[in-house]
Amino acid sequence: EAEVLRAVWSLYGDELRPYGRLLRKRLAEQPGPRGKQLHHCTDSQLRAVCEISPSLRVQHDESGEGVAGEWSALLVSGSPTFVDVYSEVDVYPEEVWSAAKAYFEAVGGQ
């Protein structure tokens, strides 16, 4: 359970909703044999680990956004502030994109 909680906290830190598929990938990135072992478990096994944890609340995606049948493991305490990866709203001003374009064009020519 400690490895799963560490992975969930890590995704929270990146402002990513800890969907089961992302949680599995994050577990594989963690050092140590247990994280790698959990990475290879089935979706239902990982969800069961999350469901028995008193620190986590499993929520199924019923909003129609994302992948059908998707679930996420949310921390019982705390207020999540996740980035909406499906949003079409661009929060960055045009100057940011112009500067990024200029930078990549400059380093691309090297």
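Residues numbered from 1 in each chain as written. Predicted model: local features only at pLDDT ≥ 70, side-chain atom pairs only at ≥ 80, totals over all residues. Heavy atoms only, no water.

### Some thoughts on the environment of S72
Then comes step 1: Position of S72 relative to the elements: it lies in strand β2 (residues 71-75).
Then comes step 2: Apart from the residues lying within four places of it in its own chain, the contact partners of S72 are R17, P18, Y19, G20, R57, V58 and Q59.
Then comes step 3: Looking at S72, its side chain comes within polar contact range of the side chain of R17, at 3.2 Å. (Helix = DSSP H or I, 4+ residues; strand = E, 2+ residues; numbered from the N terminus. Contact = heavy atoms within 4.5 Å. Polar contact = N/O pair within 3.5 Å; in protein donor to acceptor, adjacent residues only side chain to side chain.)

### What about unusual backbone geometry?
Then comes step 1: Backbone geometry places E15, a non-glycine residue, at a positive phi of 60°.
Then comes step 2: Mapped onto the fold, E15 is located in the loop between α1 (2-13) and α2 (20-29).
Then comes step 3: A relative accessible area of 37% means that E15 is categorised as partly exposed. (Buried < 20%, exposed > 50% of the residue type's maximum accessible area, 1.4 Å probe, protein only.)

### Observations concerning the packing of aromatic side chains
Then comes step 1: By the definition in use, this model includes four aromatic pairs.
Then comes step 2: Measuring from ring centre to ring centre gives 6.3 Å for W9 and Y12, while their planes differ by 50°; the resulting arrangement is tilted. With W9 and Y12 both in helix α1 and three residues apart, this pair spans about one turn of that helix.
Then comes step 3: Owing to a relative accessible area of 52%, W9 belongs among the exposed residues under this scheme. (Phe/Tyr/Trp six-rings, centres within 6.5 Å; stacked < 30°, edge-to-face > 60°.)

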